[in-house]
Amino acid sequence: MGEIVEKARAAIGRVEALGDAASAIFTEFSPARILQAAAEAEALVVAADRPLPLAGMLISVKDLYDEAGQRTTAASLLLKDREPATEDCPVVARIKAAGAVPFGRTSMSEFAYSGVGLNPHYGTPSNVFEEGGIPGGSTSGGGVTVGLGLCEVALGTDTGGSVRIPSAINGLYGHKPSQDKVPLDGVHPLAVSFDSCGPLASDFATMLAAYQVMSGGDAPGVEAPTGSLRLAVPENAFTNDLDAWSRGHFDAAKARLVEAGHELVPLDLGFLQDALLLNKILISAEAHELYGDHLDTLVSVGDPRVLTRIRFRETLSDDEVAEARAARIEVIARTAEALSGFDALIAPTLQIFPPSIADTLADFDRINAAMLRNTSLLNLADGCAMSMPTHNTGSGRPGALMIGGIKGHDERVLSVGARLDRDLNGAG
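The rules behind these values
Residues numbered from 1 in each chain as written. Predicted model: local features only at pLDDT ≥ 70, side-chain atom pairs only at ≥ 80, totals over all residues. Heavy atoms only, no water. Pairing = 2+ DSSP bridges. Helix = DSSP H or I, 4+ residues; strand = E, 2+ residues; numbered from the N terminus. Axes fitted to C-alpha atoms, helices over the stretch in contact; angles between N-to-C directions. Contact = heavy atoms within 4.5 Å. Buried < 20%, exposed > 50% of the residue type's maximum accessible area, 1.4 Å probe, protein only. Phe/Tyr/Trp six-rings, centres within 6.5 Å; stacked < 30°, edge-to-face > 60°. Lys NZ or Arg CZ within 6 Å of the ring centre and 35° of its normal. Salt bridge = Lys/Arg side-chain N within 4 Å of Asp/Glu carboxyl O. 1 Å grid on protein atoms, 1.4 Å probe; cavity = no way out; pocket = protein on both sides within 12 Å on 5 of 7 lines; lining within 4 Å. Points joined across faces, edges and corners; volume = space filled by probe spheres on them.

S.K.: Is there a simple way to think about the sheet that holds strand S10 (residues 384–390) in this case?
M.R.: Here we have 11 strands laid out as an open sheet, ordered S1-S3-S2-S4-S6-S5-S10-S11-S9-S7-S8, and mixed in their pairing. Each having just a single partner strand, strand S1 (26–28) and strand S8 (263–268) make up the two edges of the open sheet. When strand polarity is set aside, the average angle formed by the axes of neighbouring strands in this sheet is 30°. The sheet strands contacting helix H2 (residues 31–47) are S1 and strand S3 (101–106), and the helix crosses S3 at an angle near 155°. Where helix H6 (residues 204–214) meets the sheet, its contacts fall on strand S4 (153–157), strand S5 (173–176), strand S6 (197–201) and S10, and the angle it forms with S6 comes to roughly 155°.

S.K.: Whenever I open this one, the pairing of S10 confuses me. Can you help?
M.R.: A regular strand places its side chains on the two faces of the sheet in alternate fashion. Taken across its seven residues, S10 has seven buried, putting it largely inside the fold. On S10, burial covers both faces: Cys 384, Met 386, Met 388 and Thr 390 on one face and Ala 385, Ser 387 and Pro 389 on the other are all buried. Note that S5 and S10 share three bridges and pair antiparallel. Across the sheet, His 175 pairs through a bridge with Met 386, a residue of S10.

S.K.: Explain the packing of aromatic side chains to me, please; I cannot follow it from the model alone.
M.R.: Both the distance between ring centres and the angle between the ring planes are used here to describe each pair of aromatic rings. Scanning the entire structure with this criterion turns up five aromatic pairs. Where Phe 26 meets Phe 29, the ring centres are 4.7 Å apart and the plane angle is 50°; that geometry is what we call tilted. With a centroid separation of 5.2 Å and 85° between ring planes, the pair formed by Trp 245 and Phe 353 is classed as edge-to-face. Taken together, the residues Trp 245 in helix H7 (residues 244–259) and Phe 353 in the loop between strand S9 (344–348) and helix H13 (357–362) connect sequence positions 108 residues apart. A connected cluster of aromatic rings, assembled from ring pairs, spans Phe 26, Phe 29 and Phe 103. Above the face of the Phe 364 ring, Arg 305 is positioned so that its terminal group lies 5.8 Å from the ring centre. Directly above the ring of Phe 194 sits Arg 328, whose terminal nitrogen or CZ lies 3.9 Å from the centroid.

S.K.: Hey, could you run me through the pattern of salt bridges in this one?
M.R.: Once their charged atoms are close, side chains differing in charge can pair, the charge on each being opposite to the other. One pass over the full model with this rule turns up 19 salt bridges. A salt bridge links Arg 366 to Asp 363; the nearest nitrogen and oxygen atoms lie 2.6 Å apart. The network of salt bridges with common partners includes Glu 28, Arg 33, Asp 63, Glu 67 and Arg 105.

S.K.: Looking at this structure, I do not really get empty space enclosed by the protein. What am I missing?
M.R.: Over the atoms rolls a probe the size of a water molecule, and its path tells where empty space is left. In total, this model carries three cavities of 30 Å³ or more according to the counting rule given. Each pocket or cavity is described by its volume, and for the largest cavity that value is around 70 Å³. Contributing to the lining of the largest cavity are Trp 245, Ser 246, His 249, Phe 250, Ala 253, Pro 348, Leu 350, Thr 390, Gly 399, Ala 400 and Leu 401. If you list the elements that add at least two residues to the lining of the largest cavity, you get H7 and strand S11 (399–405).

In short, geometric facts, not functional conclusions.
Structural data, given as structure tokens:
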């Protein structure tokens, strides 16, 4: 039996050792299916005439991606009996062709519609640092699989922060690509003008390799730039109203970056903060288009917190939604203009320290909004961004730094990320 099969078998054993806790991480977990996929990956790697970029990597799959023979349920009871997918979506096909092993379908916020990761149907897993602490959403199970070392990579999606938030909470690296970089075909939508697909991983190089495969590229790893970078530090958005934990990590990171010779330039992005309501309006409107015919059913089988967010559309006129769409176009253009001349934007990924599951259940609306605040601003601006851990205060739990740019600037954002990872974490 080959190394990849043995590696998969050992990881299956670690999942089984979790007992009932595994049910909050996965919506589907079949050891037989995983071992078959591992054997197929083994054969593919052996037969390949060149090294495969994801050879032998175990990659968990968010329950939004179609896999042949599996039901794509978005961790919702509404979709649990839908017909299984007839083929792998392009992203899953790409990771398999690159030598990876799909490793179970991960749980998530229902329909991917929250930043905290609660799910009343499967349960909510704790993050890897704190028993009873939120895992971050919506890619909650995916973040935990990587954080626990069960997988090297998780396939996530990001509509308002759903890759970056669980990455930040679980000490991982995550990339939210420009929307057109990774195909959304065969990926169950939430809001079609905001959704994107991206990876979560335990280190930068693995995240980058997964992203390059997901995006269909065979490009070599990005090269970290030399010399001083010109980095935008937002004011009146992203950095306002931070709690002491987030502020402390961000201040420490900025000090380290100045020491490394970078130019940090204050940039007033208050117009983005002022436009934040557009996210709520537009995502609710697009989700309502998907689920509007099922609202009566969702009253009995859905997550009431998610249903409330979908039904927000019913408080809006068609004119208000149309005006919000037009206003977003202006925000996108204004953000592109503001960020011209900078290598990237830097900001805390999270506004506040990740609270407990119990506290979040008691105060969902406020906490969910706070967890989404910083990440969703870049979705509103139709940009791209990555999150990376920062081990720069001496405390055991890392902070998280977000590096952002405008649509299409993924390579620049990732090259800056490679450099800042070296400067802040000694990587590379």
